[in-house]
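Coordinate inspection notes
Okay, here's what each chain looks like letter by letter:
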Amino acid sequence: MKRLFLLIALLNTGVVYAQDITTLEKIGSVIRFAKSEKTVTLHCDDNSQVQLTILAPDLIRVRAAFTKPIPARDHSWAVAKENWPTPRWKIEETAASITITTDELEAVIRRSPLLIEFRDARTHQLLNADERPMSYDAKGSLANIMFDPKAGMFVAAAKKLGFDEHFYGLGEKAARLDKRRSSFINWNSDTPGYLEGRDPIYQTIPFYIGLQRGIAYGIFFDNSYRSYFNFGQSSQQRVWFGAEGGELNYYFFYGPSIKKILARYADLTGHLQLPPLWALGNQQSRWSYYPDTMVEAVVNEYRKRDLPLDVVHLDIDYMNGYRVFTFNQERFPDPKALTEKLSRQGVKVVTIVDPGIKHPTDKNERYHAFDQGLEKNFFQHRRNGDLFVPRVWPGESVFVDYTLPEARQWWGDLHRVYTDNGIAGIWNDMNEPSDFVDQTGKNQLDVVSYDEGEKTTHAKNRNTFALLMSRATYEGLERLRPDRRPYVITRAAYAGIQRYATMWTGDTNSTWEALALNIPMFTSLGLSGEPFVGSDVGGFIGRGNGELLVRSYQVSFLAPFCRNHKVIDGYDQEPWRFGKYYEDIIRKYLKLRYALLPFLYSALEEAHRSGVPPFRPLLLNYQDDASTYNLDDQFMIGDDLLVAPILKPDVTRRLVYLPSGTWYDYWTNKKYTGGTMISVDAPLDTVPMFVRGGAIIPTGPAVNYVGEKPVDPITFNIYPDENGLASTSLYEDDGLSPAYKTGAFRRTAVRVRRGAGGFVAGLGAPEGSYNPGPRTFRFVMKSSERELKAIPISDTGTAREVQIR
Ligand code: MIG
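Every value quoted in this text rests on a predicted model; they were computed, and no experiment measured them.

Definitions and limits used
- Residues numbered from 1 in each chain as written.
- Predicted model: local features only at pLDDT ≥ 70, side-chain atom pairs only at ≥ 80, totals over all residues.
- Heavy atoms only, no water.
- Near = heavy atom within 4 Å.
- Polar contact = N/O pair within 3.5 Å; in protein donor to acceptor, adjacent residues only side chain to side chain.
- Areas by Shrake-Rupley, 256 points an atom, 1.4 Å probe, with all protein chains shown as cover.
- Nonpolar A, V, L, I, M, F, W, Y, C, P; charged D, E, K, R; others polar.
- Salt bridge = Lys/Arg side-chain N within 4 Å of Asp/Glu carboxyl O.
- Helix = DSSP H or I, 4+ residues; strand = E, 2+ residues; numbered from the N terminus.
- Buried < 20%, exposed > 50% of the residue type's maximum accessible area, 1.4 Å probe, protein only.
- Pairing = 2+ DSSP bridges.
- Axes fitted to C-alpha atoms, helices over the stretch in contact; angles between N-to-C directions.
- Parallel < 35°, antiparallel > 145°, perpendicular 65-115°, else oblique.
- Contact = heavy atoms within 4.5 Å.
- 1 Å grid on protein atoms, 1.4 Å probe; cavity = no way out; pocket = protein on both sides within 12 Å on 5 of 7 lines; lining within 4 Å.
- Points joined across faces, edges and corners; volume = space filled by probe spheres on them.
- Core = buried A, V, L, I, M, F, W, Y, C linked by side-chain atoms within 4.5 Å.
- Phe/Tyr/Trp six-rings, centres within 6.5 Å; stacked < 30°, edge-to-face > 60°.
- Lys NZ or Arg CZ within 6 Å of the ring centre and 35° of its normal.

**Thoughts on the site of the ligand**
- The full set close to the ligand counts 13 residues, and D315, D429, R491, D507 and H565 are the nearest of them.
- R491 places a side-chain nitrogen or oxygen 2.9 Å from an oxygen atom of the ligand.
- Separating an oxygen atom of the ligand from a side-chain N or O atom of D507 is a distance of 2.4 Å.
- For the ligand, whose accessible area on its own is 350 Å², the fraction buried by protein is 95%.
- Residues of the shell around the ligand, tallied by class, amount to 8 nonpolar, 1 polar and 4 charged.

**A short note on the pattern of salt bridges**
- Evaluation of the coordinates by the stated rule reveals 63 salt bridges.
- A salt bridge links D20 to R238; the nearest nitrogen and oxygen atoms lie 2.8 Å apart. Of the two residues, D20 is situated in the loop between helix 1 (2–11) and strand 1 (25–26) and R238 in strand 18 (residues 238–243); the sequence distance between them amounts to 218 residues. For the pair formed by D20 and R238, the shared burial category is buried.
- Here E131 makes a salt bridge to R238, at a shortest N to O gap of 3.0 Å. Residue E131 is found in strand 10 (residues 126–136), and its partner R238 is found in strand 18; the two are separated by 107 residues along the sequence.
- Among the residues examined, R238 registers a relative accessible area of 7% and is labelled buried.
- Salt bridges linked by common partners bring E301, K304, R305, K580, E583, D584 and R587 together as one network.

**Structural notes on the sheet that holds strand 30 (residues 488–490)**
- The strand order across the open sheet formed by 8 strands is 32-30-27-22-21-20-34-33, and the pairing between neighbours is parallel. Edge positions in the sheet fall to strand 32 (502–503) and strand 33 (534–537), since each of these pairs with one other strand and no more.
- Here strand 30 runs beside strand 32; their pairing, made up of 2 bridges, is parallel. The partner of I489 across the bridge, within strand 32, is T502.

**Quick word on unusual backbone geometry**
- In this chain, S112 is followed by P113 through a cis amide linkage whose omega measures -5 degrees.
- Backbone torsion omega between E432 and P433 reads -5 degrees, so that peptide bond is classified as cis.
- Along the chain, P433 falls in the loop between strand 27 (425–428) and strand 28 (447–449).
- A positive phi angle, close to 70 degrees, is found at N47, a residue other than glycine.
- Along the chain, the position of N47 falls in the loop between strand 3 (39–44) and strand 4 (49–56).
- Here the phi dihedral of E452 falls at roughly 55 degrees; this positive angle occurs in a residue that is not glycine.
- Positionally, E452 belongs in the loop between strand 28 and strand 29 (456–457).

**Overview of the environment of G321**
- Its place among the elements puts G321 in the loop between strand 21 (311–314) and helix 4 (335–344).
- By relative accessible area, G321 is classed as partly exposed at 36%.
- G321 sits 73 residues away from P394 along the chain, and the two C-alpha atoms are 6.4 Å apart.

**Side note on the packing of helix 11 (residues 580–595) against helix 12 (residues 597–610)**
- Packing of helix 11 against helix 12 leaves a shortest axis separation of 5 Å and a crossing angle of 60 degrees. Overall, the two elements helix 11 and helix 12 adopt an arrangement that is oblique. The residues of helix 12 that touch helix 11, namely those facing R593, Y594 and A595, are L597, P598 and L600.

**Notes on empty space enclosed by the protein**
- Under the counting rule described, the total for this entry stands at 5 cavities of 30 Å³ or more.
- Counted as a void, the second largest cavity has a volume near 70 Å³.
- If you go around the second largest cavity, you meet 13 residues; those closest to its centre are N509, A514, L515, G538 and G539.
- The residue inventory of the lining of the second largest cavity, partitioned by class, reads 3 nonpolar, 9 polar and 1 charged.

**Points about the environment of T102**
- On the secondary structure map, T102 appears in strand 7 (residues 97–102).
- Dropping the residues within four chain positions of it, T102 is found in contact with I54, A56, P57, R88, W89 and A121.
- At 2.6 Å, the side chain of T102 forms a polar contact with the backbone oxygen of P57.

**Concerning the packing of helix 3 (residues 292–304) against helix 4**
- Between helix 3 and helix 4, the shortest axis-to-axis distance is 11 Å and the interhelical angle comes to 5 degrees. Between helix 3 and helix 4, the angle falls in the class roughly parallel. Mapping the contact onto sequence places D292, V295, E296 and V299 in helix 3 and L338, K341 and L342 in helix 4.
- Taken together, the residues that form the contact of helix 3 with helix 4 break down as 4 nonpolar, no polar and 3 charged.

**Focus on the sheet that holds strand 37 (residues 641–643)**
- On the basis of which strands lie adjacent, the open sheet formed by 6 strands has the order 35-36-37-42-39-40 and antiparallel pairing. Here the strands that pair on one side only, and so sit at the sheet edges, are strand 35 (615–616) and strand 40 (671–673).

**Focus on the layout of surface pockets**
- Reported here for the largest pocket is a volume of approximately 850 Å³.
- Lining the largest pocket we find 44 residues, and of these L277, V706, G707, D734 and L736 sit closest to its centre.
- Within the residue set of the lining of the largest pocket, elements represented by two or more residues are helix 4, strand 22 (348–353), helix 12 and strand 45 (726–733).
- Per-element tally for the lining of the largest pocket: the top contributor is helix 4, with 4 residues.

**Topic: the nonpolar core**
- Core analysis: the largest hydrophobic core is formed by 153 residues, its most contacted members being F207, F220, F253, Y318, I357, W411 and L641.
- With 7 residues, helix 8 (residues 458–480) is the largest single contributor of residues to this core.
- Each residue touching F253, except ones within four places of it in the same chain, is listed here: D58, L59, F207, Y217, G218, I219, F220, I261, R264, Y265 and L268.
- F118, F167, F229 and A459 belong to the second-largest nonpolar core, a separate cluster that totals 60 residues.

**Examining the environment of T728**
- For T728, the position within the fold is in strand 45.
- Looking at T728, the relative accessible area reads 15%, which means it is buried.
- In this structure, the C-alpha to C-alpha distance between T728 and A143, residues 585 residues apart in sequence, is 55 Å.
- Side-chain polar atoms of T728 contact the backbone oxygen of I696, separated by 3.4 Å.

**What about the packing of aromatic side chains?**
- For the structure on display, the rule yields 59 aromatic pairs.
- A ring pair is formed by Y318 and Y418, whose centres lie 6.3 Å apart and whose planes are at 75 degrees; its orientation type is edge-to-face. Taken together, the residues Y318 in the loop between strand 21 and helix 4 and Y418 in helix 7 (residues 416–420) connect sequence positions 100 residues apart. For the residue pair Y318 and Y418, the accessibility class agrees, reading buried in each case.
- Ring centres of Y402 and F465 lie 5.2 Å apart, and the angle between their planes is 75 degrees; on these two criteria the pair is classed as edge-to-face. One end of the pair, Y402, is in the loop between strand 26 (395–398) and helix 6 (405–414); the other, F465, is in helix 8, with 63 residues separating them in the sequence. Comparing Y402 with F465 shows no difference in burial state: the two are buried.
- Joined through ring pairs, the aromatic side chains of F118, F167, F184, Y208, Y217, F221, F229, F231, F241, Y250 and F252 make up one cluster.
- Looking at R563, its charged tip hangs above the ring of W504, at a distance of 5.3 Å from the centre.

**Observations regarding the pairing of strand 11 (residues 155–160)**
- Here strand 11 lies mainly inside the structure; 5 of its 6 residues are buried.
- In terms of strand pairing, strand 10 meets strand 11 through 4 bridges, oriented antiparallel. Its bridge partner lying in strand 11, R132 is registered against A158.
- Across 6 bridges, the pairing between strand 11 and strand 18 is antiparallel. Directly across from A158, in strand 18, lies its bridge partner W240.

If you want it as structure tokens, here you go:
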């Protein structure tokens, strides 16, 4: 037994403990430099070149080419914005160094050895410094750890590890919030049942944030080869990152605030596009609901039990023999009739679409997706010219080369069968890409992609495969239904994914340990430019129970993606499966989610606009408070709601950290003064939840799906701070079309202050051209004694003041 456990533990930790980069060759010293409009090119005595590009006052890109000039080709699938207006900057030199200065950032380049330091331009305070010159593996000393030593040369950069520096981000890792003293590998991998410490898992987001004494910077290492991030795990001197090929190519972001870094990262790699509002609704899935009558039964059950629901998912068994772009004729004889019927109950259908296209076993078998793709030569081949034939759900299959623009177009257009049948969104699974023949990905290293004529292999393209597949899907849905926002969900990803898809955290376990991982995973994804996150509510693999399911909803009821999903052979897990006691509590939280939709949607729009995620670690709002730097059993939604779920069985009390300021217990309105830990009761029907003093939480009417009723009335729940002030900004739009991108939204600012005999709420003149129609605004002052209320007013779309007494 013990041995088995050890084996499992080994299988679950891919970490290479002793790995370091001290054996690598260092770049030469600077002998001269050349300057152009926004770049400085350093020429080194070993014929290497380094290029620094000043993109913004707080964003400098570093590219290094070892023993050769900087290549002319410069392409990234992640980068969304290539043309930046040149910011003000200057360059100065001394015998020892060259200094680039913008309004915010100073890059000091020591000539010999070549070491780069980033400093605050105003205070000259050091932010981040090379610990050793940028390095490359000329002698192949790391060949033993490389997946494909032929694919390229290992390149790396090392930074000094701060004595009290913390590290955040790195996308989807089965790890805690602060990544200090740990190391990670990025190589998109299908890892069902992953435990904390399993690495790598599904996604690659090579972006991290360093935080030291409240001051933050970010580094985006835009390299899609198998990459490594070591945050002082192999040495207490350095943080290093490297990759098994490609360029040493990174972007340095300066805050000092994390929110500013996230905004800049969104500018660079793309902003989240708002999904339809109903994507924030409750979703139900299972592997797999079929036939159509069972899907109807699930929806009927939801409606009968007065449980809110917006979306039901069809997993792989809806297809004809796992052939994507088909429906099984016996199980789903009339998908259109089904989606129409469900739509009358306010429910949308999302179908899974995997990348594997079935390779017919019989030459005479016709399957349009295979036949067309083969004819057009859109499938991936091995270097020797053979068609690449992985084995996935359909058996022998082929994958599309999504680096080909025409192949992306074709793939997108294939989705017509879904849109014609009223399917509302697409769920992309298995896009690591997973291959049952060999899950390590080694068997794909000679799979060639077009890659803009470079004809590179999966050593480079595996990690971007899902990004491009999601892009093809998203752009297809956009073309097929131009007046609707696409809704795509993906399992694997590379940086930039937020432009095309939302995500979920794959095949979790139905265990308390897996539940506890939700919070650091969601918040870390949010700190990595991926705001629309969620996890299978209740856990995917294994048998859950009522208590676990309830506590799981108490984590996910405010996550952007709230979907209960279960493995094929798992015990049923819909909200009612463990009896009325648990179902009633789950109903309470789902109803609360729907009441909070105006608040949640406003927080989501902030993510779209400014890159700051709705689901936040406390440190994002309280960057100067060191008590938040490791806190990963609590989270915040937006600036205002703090949630501290129970993550263990049979526990009904916990400690909650409240940052400084005034806080209100959401359930009792009891007031607390923060800056301390409090102990609170948390019986199974209660998740400890607190509202920040100074907040106004907008809520809508009780509904069981988005659009069931007009959002009327809207209640502004007011929680004044110690000075009697509170404010919010409510965001609304039509929730469906892309018109919000061209101004069809409404933003309403509300500010509350103390007035004679009560409070005064000032409504600002709304911004934007969207007209929500007539509705009532209510104002409620929250307090543990008597709630003050204003006489409800109708929203006249104009600035005005309201008395609250
Ligand atoms: O090899 O489609 O993560 O959500 O139910 C498993 C079947 C394939 C993995 C996904 C899971 C989905 C399942 N899929």
